[in-house]
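Descriptive structure summary
One letter stands for each residue in the lines below.
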Amino acid sequence: MSDFKYVFGPIPSRRLGRSLGISPLPKKTCNYSCIYCQLGRTDKMTNKRQEFYKTEDIIAEFKQYLKDSDKFDIVTVVGEGEPTLALNLGELVDALKALTDKPVAVITNGALLSDPQVREELCHADMVLPSLDAYDQKISKKIDRPYGTIKFEEEFDGLKKFTHMYEGELWLEIMLVDGINDDEHSILEFKKLLKELKYDRLYLNTPVRPPAEADVNVVSEERMRYAVETLGGISIEMMSSGAFFSEIEDDYEAVKSIIGRHPMNQFEVRGFLESRDVKDPEAMMEQMKQDEEINVIDYKGILTFRLK
């Protein structure tokens, strides 16, 4: 693994389990320079799609990885920049899917969804995780600091079109930044936009890792709870800290109370149960599979639980 250039991980993820990363572009090549980016400021700012690395070179490395291990739950095309800038993205996704029965996901900032070709290529993926950090051009410039020609209205229109044409799992993410897009007005503006989109899940995040700019801060717990309740989303920070909340003392009934509001996949359920010191989470998930009140959806080998 130490010699690999394009394949990294697997990295444990509360949302995706053991995520094997695939990087189709050089580090810090992006069309955003987000104020919260853990990589620091973007030093290769571009909005031009190009083939940075040959598909066959990436796939050769992936094949080499598969010779030694299949211990991953999902393949995630993400890298350390914006993967839709890779002109061979669709070809790469198809080639990865031909070699594994695990789901192939793409994490994107969504800036290039205004391009019909990008939308078509992303439809090849089993899962797409786009970001929506702003609700207008002003907020976008404050948080995402996009490449000069990118217009929020065009970007959102592309996202809207994509969510209505895409048939895989679509998980939206909003990054909430203290003092910029976390006030009541902002949350209500997000709510308006979300009504226009078709998606399976909404995750709410806040910059807990060291950001690109020193004055970027996490939102308060109060603000996050307001956003969760208003938008119907799931807080990634609450999830990663084991703080999915239920007042119910019984562990089994507690997890059922949550999936009555928000579907949870097997990794999220396991994380929640472990946070409550459940000794055998796997046994409890087996019980959930047999529960007639619970729908269990198997999507590409990843189970999602929700109340009927």
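Here the structure is shown first, and the text comes after it.
My aim in this report is to walk through the structure given alongside it, one point at a time. (Residues numbered from 1 in each chain as written. Predicted model: local features only at pLDDT ≥ 70, side-chain atom pairs only at ≥ 80, totals over all residues. Heavy atoms only, no water.)

Looking at the overall build of the protein chain
Helices and strands together make up the secondary structure of the protein chain, namely 11 helices and 13 strands. In summary, the protein chain has a C-alpha radius of gyration of 19 Å against a globular reference of 19 Å for 308 residues, a match within 12%. Along the first, second and third principal axes, the C-alpha set of the protein chain runs to 55 × 50 × 35 Å. The buried share of the protein chain, taken over its 308 residues, is 53%. (Helix = DSSP H or I, 4+ residues; strand = E, 2+ residues; numbered from the N terminus. Rg over C-alpha atoms; globule rule 2.2 N^0.38 Å. Buried < 20%, exposed > 50% of the residue type's maximum accessible area, 1.4 Å probe, protein only.)

Some words on the sheet that holds strand 9 (residues 201–205)
Across a sheet, strands are paired by hydrogen bonds formed along the backbone, either parallel or antiparallel in direction. Strands sit in the order 1-2-5-6-7-8-9-10 across an open sheet of eight strands; the sheet is mixed. Each edge of the open sheet carries a strand with a single partner, namely strand 1 (7–13) and strand 10 (234–235). In this structure, strand 6 (residues 104–108) lies alongside strand 7 (residues 127–130), joined through four bridges in parallel fashion. From the neighbouring strand, V106 faces strand 7, where its bridge partner is V128. (Pairing = 2+ DSSP bridges.)

Examining the packing of aromatic side chains
All chains considered together, the criterion is met by seven aromatic pairs. Residues Y65 and F72 carry aromatic rings whose centres are separated by 6.1 Å and whose planes lie at 55° to one another, so their mutual orientation is tilted. Both residues of the pair, Y65 and F72, belong to the buried class. Relative to Y203, the ring of W171 lies with its centre 5.7 Å away and its plane at 55°, an arrangement referred to as tilted. On the criterion of sequence distance, the pair formed by W171 in strand 8 (residues 169–175) and Y203 in strand 9 is long-range, its members being 32 residues apart. Owing to a relative accessible area of 0%, Y203 belongs among the buried residues under this scheme. Put simply, the rings of F62, Y65 and F72 touch in pairs and so form one group of aromatic residues. When the ring centre of F72 is taken as origin, the NZ or CZ atom of K102, which lies over that ring, is 4.6 Å away. Geometry around W171 places R201 over its ring, the cationic atom sitting 4.7 Å from the centre. (Phe/Tyr/Trp six-rings, centres within 6.5 Å; stacked < 30°, edge-to-face > 60°. Lys NZ or Arg CZ within 6 Å of the ring centre and 35° of its normal.)

Brief notes about the nonpolar core
When a protein is soluble and globular, its nonpolar side chains tend to lie buried together. The biggest cluster of nonpolar side chains holds 63 residues, and the ones touching the most others in it are I22, L96 and L132. With residues near it in sequence (within four places) discarded, I22 still touches Y6, V7, F8, I58, F62, V75, T76, V77, V78, G79, L92 and L96. Counting 16 residues, the second largest nonpolar core, distinct from the first, contains Y252, A254, I294 and F305. (Core = buried A, V, L, I, M, F, W, Y, C linked by side-chain atoms within 4.5 Å. Contact = heavy atoms within 4.5 Å.)

Let's talk about unusual backbone geometry
With a phi close to 45°, R145 is a non-glycine residue in the positive phi region. Here R145 shows up in the loop between helix 4 (137–143) and helix 5 (152–165). We classify R145 as partly exposed; its relative accessible area is 25%. Notably, D277 is not glycine yet its phi reads approximately 60°, a positive angle. You can see D277 is positioned in the loop between helix 10 (266–275) and helix 11 (281–290).

Structural notes on the environment of L132
Turning to its location among the elements, L132 is positioned in the loop between strand 7 and helix 4. Since its relative accessible area comes to 4%, L132 is described here as buried. Residues L132 and F156, spaced 24 residues apart in sequence, show a C-alpha to C-alpha distance of 8.4 Å. The residues contacting L132, other than those within four sequence positions of it, are F152, F156, L159, E173, I174, F190, L194 and L197.

Let's talk about helix 2 (residues 89–97)
Those residues of helix 2 that fall on the buried side of the exposure criterion are L89, G90, L92, V93 and L96. Buried residues of helix 2, seen end-on, are gathered within an arc of 160° and therefore sit on one face of the element. (Arc of directions from axis to C-beta.)

Overview of the side chain of S23
Mapping S23 onto the fold places it in the loop between strand 2 (17–22) and strand 3 (29–30). Take S23: its relative accessible area is 11%, and that puts it in the buried class. Engagement of the side chain of S23 in a polar contact is seen with the backbone oxygen of L25, the distance being 3.1 Å. Ignoring sequence-local partners within four residues, the contact set of S23 consists of Y6, F8, Y53, I58, G79 and E80. (Polar contact = N/O pair within 3.5 Å; in protein donor to acceptor, adjacent residues only side chain to side chain.)

Quick notes on the state of the cysteines
In total, this model carries zero disulfides according to the counting rule given. For C30, which is in no disulfide, the shortest distance to another cysteine sulfur is to C34 and amounts to 6.3 Å. (Disulfide = S-S within 2.5 Å.)

A short note on the pattern of salt bridges
Pairs can form between side chains of opposite charge once their charged atoms are near each other. Under the definition given, this model contains 16 salt bridges. Across the pair K161 and D157 runs a salt bridge, and its minimum N-O distance is 3.2 Å. Placement of the pair is K161 and D157 together in helix 5, with a separation of four residues, close to one helical turn. Linked by salt bridges that have partners in common, K28, D43 and K44 make up one network. (Salt bridge = Lys/Arg side-chain N within 4 Å of Asp/Glu carboxyl O.)

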